[in-house]
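# Structural characterization, general
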Amino acid sequence: MKTVGSRPLVGDDEREASRWVRDMFGRVAGRYDTVNRLTSFSLDVWWRRVTAQRLEPILRNPQARVLDLCCGTGDLGLALRRRGPAQVIGSDFCHPMLQHAAQKGLTPVFEADALNLPLAASSFDLVTVAFGFRNLANYESGLREVWRVLKPGGTLAILEFSTMPNPVLRAGYEFYFHRVLPVVAGWITGARDAYTYLPASVSKFPGAPELADRMRAAGFQEVTYERFACGALALHRGQKL
(Lines give C-alpha, C1' and ligand atoms only; values in the text may rest on other atoms or scores of the structure.)
Protein backbone atom coordinates (compact mmCIF):
# COMPACT_ATOMS: atom_id res chain seq x y z
CA MET A 1 0.00 0.00 0.00
CA LYS A 2 1.26 3.44 -0.89
CA THR A 3 2.10 5.69 2.04
CA VAL A 4 -0.40 8.54 1.95
CA GLY A 5 -1.90 11.17 4.20
CA SER A 6 -3.90 14.36 4.12
CA ARG A 7 -2.97 16.56 1.15
CA PRO A 8 -5.06 19.76 1.10
CA LEU A 9 -2.46 21.48 -1.08
CA VAL A 10 -0.90 20.66 -4.41
CA GLY A 11 2.21 18.55 -3.93
CA ASP A 12 3.38 15.97 -1.41
CA ASP A 13 5.04 18.02 1.30
CA GLU A 14 3.91 16.62 4.66
CA ARG A 15 5.04 19.66 6.62
CA GLU A 16 3.07 22.09 4.46
CA ALA A 17 0.00 19.85 4.56
CA SER A 18 0.17 19.64 8.34
CA ARG A 19 0.57 23.40 8.71
CA TRP A 20 -2.41 24.11 6.44
CA VAL A 21 -4.69 21.71 8.35
CA ARG A 22 -3.61 23.12 11.72
CA ASP A 23 -4.24 26.71 10.62
CA MET A 24 -7.59 25.75 9.09
CA PHE A 25 -8.84 24.19 12.32
CA GLY A 26 -7.61 27.21 14.23
CA ARG A 27 -9.82 29.46 12.09
CA VAL A 28 -12.98 27.41 12.69
CA ALA A 29 -12.40 26.38 16.33
CA GLY A 30 -14.91 28.88 17.74
CA ARG A 31 -17.79 27.55 15.62
CA TYR A 32 -16.61 23.96 15.26
CA ASP A 33 -19.12 22.43 17.68
CA THR A 34 -22.02 24.43 16.27
CA VAL A 35 -21.27 23.28 12.73
CA ASN A 36 -20.91 19.66 13.83
CA ARG A 37 -24.30 19.66 15.54
CA LEU A 38 -26.11 21.38 12.67
CA THR A 39 -24.59 19.47 9.78
CA SER A 40 -24.85 16.04 11.44
CA PHE A 41 -28.27 16.75 12.99
CA SER A 42 -26.53 16.13 16.35
CA LEU A 43 -25.74 12.53 15.39
CA ASP A 44 -22.06 13.26 16.03
CA VAL A 45 -22.89 13.29 19.75
CA TRP A 46 -24.46 9.84 19.50
CA TRP A 47 -21.55 8.42 17.49
CA ARG A 48 -19.07 9.50 20.15
CA ARG A 49 -21.33 8.18 22.90
CA VAL A 50 -21.51 4.76 21.19
CA THR A 51 -17.73 4.74 20.76
CA ALA A 52 -17.26 5.40 24.48
CA GLN A 53 -19.79 2.68 25.27
CA ARG A 54 -17.88 0.14 23.17
CA LEU A 55 -14.70 0.99 25.09
CA GLU A 56 -16.30 0.92 28.54
CA PRO A 57 -14.51 -2.28 29.72
CA ILE A 58 -11.22 -0.38 29.50
CA LEU A 59 -12.61 2.88 30.86
CA ARG A 60 -13.94 1.17 33.99
CA ASN A 61 -10.39 0.34 35.07
CA PRO A 62 -9.23 3.13 37.43
CA GLN A 63 -5.61 2.31 36.58
CA ALA A 64 -6.09 2.68 32.83
CA ARG A 65 -4.51 5.59 30.98
CA VAL A 66 -6.25 6.86 27.86
CA LEU A 67 -4.94 9.22 25.18
CA ASP A 68 -7.57 10.96 23.05
CA LEU A 69 -5.48 11.89 20.03
CA CYS A 70 -6.55 14.74 17.73
CA CYS A 71 -9.01 15.54 20.50
CA GLY A 72 -10.29 18.78 18.93
CA THR A 73 -12.73 20.53 21.24
CA GLY A 74 -12.83 17.54 23.57
CA ASP A 75 -16.17 15.89 22.81
CA LEU A 76 -14.91 12.32 22.62
CA GLY A 77 -12.57 12.75 25.58
CA LEU A 78 -15.45 13.95 27.73
CA ALA A 79 -17.66 11.09 26.53
CA LEU A 80 -14.91 8.63 27.48
CA ARG A 81 -14.54 10.20 30.90
CA ARG A 82 -18.23 9.78 31.62
CA ARG A 83 -17.91 6.01 31.15
CA GLY A 84 -15.45 5.28 33.92
CA PRO A 85 -12.64 6.41 36.22
CA ALA A 86 -9.79 5.85 33.74
CA GLN A 87 -7.47 8.84 33.30
CA VAL A 88 -8.24 10.55 29.96
CA ILE A 89 -5.67 12.93 28.47
CA GLY A 90 -6.34 15.00 25.35
CA SER A 91 -3.84 15.94 22.67
CA ASP A 92 -4.13 18.04 19.52
CA PHE A 93 -1.78 20.06 17.33
CA CYS A 94 -4.20 23.02 17.10
CA HIS A 95 -3.94 25.35 20.10
CA PRO A 96 -7.36 27.06 19.70
CA MET A 97 -9.04 23.64 19.65
CA LEU A 98 -7.27 22.68 22.87
CA GLN A 99 -8.38 25.92 24.51
CA HIS A 100 -12.01 25.04 23.80
CA ALA A 101 -11.48 21.48 25.07
CA ALA A 102 -10.05 22.77 28.34
CA GLN A 103 -12.88 25.28 28.73
CA LYS A 104 -15.37 22.43 28.36
CA GLY A 105 -13.63 20.48 31.11
CA LEU A 106 -11.23 18.12 29.33
CA THR A 107 -8.03 18.38 31.33
CA PRO A 108 -5.19 17.67 31.17
CA VAL A 109 -4.54 18.44 27.50
CA PHE A 110 -1.31 19.08 25.66
CA GLU A 111 -0.32 20.40 22.24
CA ALA A 112 1.61 18.01 20.00
CA ASP A 113 1.89 16.58 16.49
CA ALA A 114 0.29 13.11 16.36
CA LEU A 115 3.22 11.92 14.25
CA ASN A 116 5.79 12.90 16.89
CA LEU A 117 4.31 12.63 20.37
CA PRO A 118 6.42 13.75 23.37
CA LEU A 119 5.49 10.58 25.24
CA ALA A 120 7.34 7.54 26.47
CA ALA A 121 6.83 4.22 24.75
CA SER A 122 4.23 1.85 26.19
CA SER A 123 2.45 4.62 28.15
CA PHE A 124 -1.26 4.07 27.42
CA ASP A 125 -3.87 1.34 27.64
CA LEU A 126 -6.11 2.98 25.04
CA VAL A 127 -5.60 5.52 22.26
CA THR A 128 -8.68 6.99 20.57
CA VAL A 129 -9.03 9.19 17.49
CA ALA A 130 -12.41 10.63 16.43
CA PHE A 131 -12.69 12.32 13.03
CA GLY A 132 -9.04 13.30 13.13
CA PHE A 133 -7.06 10.41 11.73
CA ARG A 134 -7.79 11.31 8.10
CA ASN A 135 -6.17 14.74 8.72
CA LEU A 136 -2.76 13.22 9.49
CA ALA A 137 -0.11 14.03 6.93
CA ASN A 138 1.02 10.39 6.93
CA TYR A 139 -1.33 7.58 7.97
CA GLU A 140 1.33 4.90 8.36
CA SER A 141 3.49 7.16 10.53
CA GLY A 142 0.46 7.91 12.67
CA LEU A 143 -0.27 4.22 13.19
CA ARG A 144 3.37 3.53 14.06
CA GLU A 145 3.37 6.35 16.62
CA VAL A 146 0.17 5.06 18.24
CA TRP A 147 1.74 1.59 18.34
CA ARG A 148 4.79 3.03 20.08
CA VAL A 149 2.87 4.76 22.89
CA LEU A 150 0.43 1.87 23.51
CA LYS A 151 1.22 -0.69 26.19
CA PRO A 152 1.33 -4.35 25.16
CA GLY A 153 -2.30 -5.43 25.22
CA GLY A 154 -3.43 -1.85 24.57
CA THR A 155 -6.19 -0.87 22.17
CA LEU A 156 -6.44 1.64 19.32
CA ALA A 157 -9.93 2.92 18.41
CA ILE A 158 -10.46 5.11 15.33
CA LEU A 159 -13.87 6.66 14.62
CA GLU A 160 -13.71 8.09 11.12
CA PHE A 161 -15.71 8.84 8.00
CA SER A 162 -15.85 6.05 5.45
CA THR A 163 -17.38 5.13 2.09
CA MET A 164 -21.00 3.99 1.98
CA PRO A 165 -21.25 0.53 0.36
CA ASN A 166 -24.70 1.22 -1.12
CA PRO A 167 -24.24 3.27 -4.34
CA VAL A 168 -27.71 4.86 -4.19
CA LEU A 169 -27.32 6.02 -0.60
CA ARG A 170 -23.76 7.08 -1.35
CA ALA A 171 -24.88 9.34 -4.21
CA GLY A 172 -27.38 11.17 -2.01
CA TYR A 173 -24.92 11.45 0.84
CA GLU A 174 -22.17 12.78 -1.40
CA PHE A 175 -24.51 15.42 -2.83
CA TYR A 176 -25.23 16.65 0.70
CA PHE A 177 -21.61 16.36 1.77
CA HIS A 178 -20.10 18.09 -1.26
CA ARG A 179 -22.83 20.59 -2.20
CA VAL A 180 -24.86 21.47 0.88
CA LEU A 181 -22.53 21.11 3.86
CA PRO A 182 -19.75 23.44 2.59
CA VAL A 183 -22.29 26.22 1.95
CA VAL A 184 -23.96 25.92 5.37
CA ALA A 185 -20.72 25.48 7.30
CA GLY A 186 -18.97 28.21 5.32
CA TRP A 187 -21.79 30.63 6.10
CA ILE A 188 -21.58 29.86 9.83
CA THR A 189 -17.79 29.98 10.11
CA GLY A 190 -16.83 32.36 7.31
CA ALA A 191 -14.29 29.73 6.21
CA ARG A 192 -15.84 27.86 3.31
CA ASP A 193 -12.46 26.52 2.21
CA ALA A 194 -12.25 24.58 5.46
CA TYR A 195 -15.51 22.78 4.72
CA THR A 196 -14.59 22.24 1.10
CA TYR A 197 -11.53 20.44 2.44
CA LEU A 198 -13.69 18.23 4.69
CA PRO A 199 -15.54 16.28 1.96
CA ALA A 200 -12.39 16.23 -0.17
CA SER A 201 -10.43 14.65 2.69
CA VAL A 202 -13.14 12.03 3.19
CA SER A 203 -13.20 11.17 -0.52
CA LYS A 204 -9.44 10.53 -0.50
CA PHE A 205 -9.44 8.61 2.80
CA PRO A 206 -9.15 4.81 2.71
CA GLY A 207 -12.43 2.92 3.03
CA ALA A 208 -13.10 0.78 6.09
CA PRO A 209 -11.57 -2.46 4.70
CA GLU A 210 -8.40 -0.66 3.56
CA LEU A 211 -7.95 1.16 6.86
CA ALA A 212 -8.31 -2.18 8.64
CA ASP A 213 -5.58 -3.59 6.36
CA ARG A 214 -3.33 -0.63 7.15
CA MET A 215 -3.81 -1.24 10.86
CA ARG A 216 -2.85 -4.89 10.42
CA ALA A 217 0.19 -3.89 8.36
CA ALA A 218 1.27 -1.62 11.22
CA GLY A 219 1.20 -4.60 13.58
CA PHE A 220 -2.26 -4.37 15.14
CA GLN A 221 -4.10 -7.63 15.68
CA GLU A 222 -7.72 -8.59 16.22
CA VAL A 223 -8.65 -5.65 13.97
CA THR A 224 -12.38 -5.10 13.54
CA TYR A 225 -14.62 -2.35 12.27
CA GLU A 226 -18.26 -1.47 12.85
CA ARG A 227 -20.16 0.70 10.38
CA PHE A 228 -22.54 3.47 11.45
CA ALA A 229 -24.96 5.64 9.48
CA CYS A 230 -25.33 3.17 6.60
CA GLY A 231 -21.55 3.03 6.31
CA ALA A 232 -20.87 6.77 6.22
CA LEU A 233 -18.47 6.23 9.11
CA ALA A 234 -16.87 3.32 10.92
CA LEU A 235 -15.35 2.54 14.29
CA HIS A 236 -12.10 0.58 13.90
CA ARG A 237 -10.46 -1.26 16.76
CA GLY A 238 -7.18 -3.12 17.00
CA GLN A 239 -4.86 -4.37 19.70
CA LYS A 240 -1.13 -4.28 20.29
CA LEU A 241 -0.53 -7.87 21.35
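In what follows, the accompanying structure is described. (Residues numbered from 1 in each chain as written. Predicted model: local features only at pLDDT ≥ 70, side-chain atom pairs only at ≥ 80, totals over all residues. Heavy atoms only, no water.)

## Some details on the overall build of the protein chain
What counts, and what does not: Secondary structure is summarised from DSSP: a helix means a run of H or I of at least four residues, a strand means a run of E of at least two, and numbering begins at the N terminus for each. For the radius of gyration, the atom set is restricted to C-alpha positions; the globular benchmark scales as 2.2 Å times the number of residues to the power 0.38. Classification of residues uses two cut-offs on accessible area relative to the type maximum, computed with a 1.4 Å probe and protein chains only: under 20% is buried, over 50% is exposed, and between them is partly exposed.
Within the protein chain, the regular secondary structure consists of ten helices and seven strands. A compact globule built from 241 residues should have a C-alpha radius of gyration of about 18 Å, and the protein chain, at 17 Å, falls within 12% of that. Each principal axis of the C-alpha distribution contributes one length, and for the protein chain these read about 45 × 40 × 35 Å. In the protein chain, buried positions account for 52% of the 241 residues.

## Focus: the pairing of strand E6 (residues 221-228)
Definition in use: Strand pairing is defined by DSSP finding a minimum of two bridges between the two strands.
Here E6 pairs with strand E7 (residues 233-239) via six bridges, running antiparallel. Residue Glu226 lies in a different strand from E7, and its bridge partner there is Leu235. In sequence, E6 turns back onto E7 through a hairpin of four residues, with Ala229 there showing a positive phi of about 50°.

## Topic: the side chain of Asp68
Spelled out, the test is: For this analysis, a polar contact is any N or O atom pair within 3.5 Å, provided that within protein one partner can donate a hydrogen and the other can accept it, and provided that sequence-adjacent residues contribute only side-chain to side-chain pairs.
In this fold, Asp68 is placed in strand E1 (residues 65-69). Side-chain polar atoms of Asp68 contact the side chain of Thr128, separated by 2.8 Å.

## Remarks on the packing of helix H2 (residues 32-40) against helix H3 (residues 43-54)
Put simply, the rule is: Here an axis means a line fitted to C-alpha atoms, over the contact stretch when the element is a helix, while the angle between two N-to-C directions is reported on a 0 to 180 degree scale. Throughout, the term roughly parallel applies to angles under 35 degrees, roughly antiparallel to angles over 145, roughly perpendicular to angles from 65 to 115, and oblique to all others. Only heavy atoms enter the contact rule, under which two residues are in contact if any of them lie within 4.5 Å. Amino acids are sorted into nonpolar (Ala, Val, Leu, Ile, Met, Phe, Trp, Tyr, Cys and Pro), charged (Asp, Glu, Lys and Arg) and polar (every other residue, Gly among them).
It is at 7 Å that the axes of H2 and H3 come closest, and there the two elements cross at 100°. As far as their axial angle goes, H3 and H2 are roughly perpendicular. Where H2 approaches H3, its residues Asn36, Arg37 and Ser40 are matched on the opposing element by Leu43, Asp44, Val45, Trp47 and Arg48. Grouping the amino acids of the contact of H2 with H3 by side-chain chemistry returns three nonpolar, two polar and three charged.

## With respect to the packing of aromatic side chains
Where we set the bar: Stacked, tilted and edge-to-face are the three classes applied to pairs of Phe, Tyr and Trp rings, where Trp contributes its six-membered ring and a pair requires centres within 6.5 Å; stacked means planes under 30 degrees apart, edge-to-face means over 60, and tilted covers the rest. For a Lys NZ or an Arg CZ to count as sitting over a ring, it must be within 6 Å of the ring centre and within 35 degrees of the ring normal.
Per the stated rule, a full pass over the model turns up twelve aromatic pairs. For the pair Tyr139 and Phe205, a centre-to-centre distance of 5.3 Å together with 85° between the ring planes defines the contact as edge-to-face. With a gap of 66 residues between them, Tyr139 in helix H7 (residues 139-149) and Phe205 in the loop between helix H9 (192-204) and helix H10 (208-217) connect regions that are remote in the sequence. Take Phe205: its relative accessible area is 5%, and that puts it in the buried class. Arranged with centres 5.1 Å apart and planes meeting at 20°, the rings of Tyr173 and Phe177 form a pair that is stacked. Placement of the pair is Tyr173 and Phe177 together in helix H8 (residues 167-189), with a separation of four residues, close to one helical turn. Among the aromatic residues, those joined into a cluster by ring pairs are Trp47, Phe131, Phe161, Tyr173 and Phe177. The ring of Phe93 has Arg22 sitting right over it, with the charged end atom 5.9 Å from the ring centre. Over the ring of Phe124 we find Arg65, and its NZ or CZ is 4.5 Å from the ring centre.

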